[in-house]
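Spelled out, the chains give:
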Amino acid sequence: DAGVIQSPRHEVTEMGQEVTLRCKPISGHNSLFWYRQTMMRGLELLIYFNNNVPIDDSGMPEDRFSAKMPNASFSTLKIQPSEPRDSAVYFCASSRGKEQFFGPGTRLTVL
Amino acid sequence: RKEVEQDPGPFNVPEGATVAFNCTYSNSASQSFFWYRQDCRKEPKLLMSVYSSGNEDGRFTAQLNRASQYISLLIRDSKLSDSATYLCVVIRYGGSQGNLIFGKGTKLSVKP
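Here we summarise the structure given alongside this text. (Residues numbered from 1 in each chain as written. Chains lettered and ligands numbered in written order. Predicted model: local features only at pLDDT ≥ 70, side-chain atom pairs only at ≥ 80, totals over all residues. Heavy atoms only, no water.)

1. Some thoughts on the nonpolar core
Core analysis: the largest hydrophobic core is formed by 24 residues, its most contacted members being B:Phe21, B:Trp35, B:Ile71, B:Leu73, B:Ile75, B:Tyr86 and B:Leu108. Elements that contribute at least two residues to this core include exactly strand E3 (19-25), strand E4 (30-38), strand E5 (44-50), strand E7 (60-65), strand E8 (70-75), strand E9 (84-92) and strand E11 (106-111) of chain B. Ignoring sequence-local partners within four residues, the contact set of B:Ile75 consists of B:Ala17, B:Thr18, B:Val19, B:Phe21, B:Arg59, B:Phe60, B:Asp82, B:Tyr86 and B:Leu108. Core analysis: the next-biggest nonpolar cluster, separate from the first, contains 21 residues, A:Val4, A:Ile26, A:Ile79 and A:Tyr90 among them. (Core = buried A, V, L, I, M, F, W, Y, C linked by side-chain atoms within 4.5 Å. Buried < 20%, exposed > 50% of the residue type's maximum accessible area, 1.4 Å probe, protein only. Helix = DSSP H or I, 4+ residues; strand = E, 2+ residues; numbered from the N terminus. Contact = heavy atoms within 4.5 Å.)

Here is the structure:
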């Protein structure tokens, strides 16, 4: 199995631009999670889906952030407009039990 | 008070040493506990679950103390490859599988 796949691995953009992060979960996993990791705040859950349905988005920082999961094999996290404080590593994880399997992350830098 | 707290370290130890990390959690409703390992610039990966009776996996031993609300990880005979950040993870249920709360991690550096 290829594991959780995320793209892009690195993204550098300018403030105000739209950013779209992509995730392909492990086949057969029914839950998908988006996290953000910074030195200051550690790893924070942004949103998670169960069977493609958003269950808890209370971690989404503000309306500039949105996430979709149109099918079981694909999810996106969009930031529009991006701000420098959004700079972080964004991880996608999937699971079908208690253990979560993380993707390699997208390192986002907003200038 | 943060829900899961860990000493950030770093813990600098020589090869072969025994090192222990503690983690405290504030929500007594927490029901499942784990240690994840994160290498530099990599994703977190599950190291081991933590059971009330304590559990061991090779050189690693995890303990849970519900009364005092802390979790520990003991690494014996540490190797250079153990250098990483160790994340304490707590799940509190309430119908939400997403209630996985991560500590900020304890950094371990094993030196030759």
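2. So, the sheet that holds strand E3 (residues 19-24) of chain A
Residues and elements named next belong to chain A. Across the sheet, which stays open at both edges, the four strands sit in the order E1-E3-E8-E7 with antiparallel pairing between neighbours. Looking along the sheet, the strands with just one partner apiece sit at the ends: strand E1 (5-7) and strand E7 (65-71). Neighbour to neighbour, the strand axes of the sheet diverge by 15° on average, direction disregarded. Pairing between E1 and E3: three bridges, direction antiparallel. Bridging across to E3, Ser7 finds its partner in Arg22. (Pairing = 2+ DSSP bridges. Axes fitted to C-alpha atoms, helices over the stretch in contact; angles between N-to-C directions.)

3. Considerations on the environment of B:Ser83
Residues and elements named next belong to chain B. Following the sequence through the fold, Ser83 ends up in the loop between E8 and E9. Of the residues examined, Ser83 reaches a relative accessible area of 26% and is grouped as partly exposed. Separated by 60 residues in the primary sequence, Ser83 and Cys23 have C-alpha atoms spaced 18 Å apart.

4. Here's the deal with the state of the cysteines
Enumeration according to the criterion identifies two disulfides over all chains in this entry. A sulfur-sulfur distance of 1.9 Å marks the disulfide that ties A:Cys23 to A:Cys92. Across the S-S bond of A:Cys23 and A:Cys92 the torsion is about -65°, and the bridge reads as left-handed. With A:Cys23 in strand E3 and A:Cys92 in strand E9 (residues 88-95), this pair connects stretches of sequence that are 69 residues apart. Judged on exposure class, the residue A:Cys23 and its partner A:Cys92 are both buried. Residue pairing for B:Cys23: its cysteine sulfur links by disulfide to B:Cys88, the two sulfurs lying 2.0 Å apart. Measuring the twist about the S-S bond at about -75°, one finds the B:Cys23-B:Cys88 disulfide to be left-handed. Taken together, the positions of B:Cys23 in strand E3 and B:Cys88 in strand E9 put the pair 65 residues apart, joining distant regions of the chain. An identical accessibility class is assigned to B:Cys23 and B:Cys88; each is buried. (Disulfide = S-S within 2.5 Å.)

5. Observations regarding the interface of chain B and chain A
Counting residues at the interface gives 17 residues for chain B and 23 residues for chain A. A buried area of about 1600 Å², summed over both sides, lies between chain B and chain A, and 49% of it is on carbon and sulfur atoms. Our count for the contact surface shared by chain B and chain A stands at zero salt bridges. On inspection of chain B and its partner chain A, the count reaches four residue pairs in polar contact (both at pLDDT 80 or more). Secondary structure elements with two or more residues in the side of chain B that touches chain A: E4, E5 and strand E10 (100-102) of chain B. When residues in the side of chain B that touches chain A are grouped by element, the largest group, four residues, is from E4(B). (Buried area = accessible area lost by both parts, 1.4 Å probe. Salt bridge = Lys/Arg side-chain N within 4 Å of Asp/Glu carboxyl O. Polar contact = N/O pair within 3.5 Å; in protein donor to acceptor, adjacent residues only side chain to side chain.)

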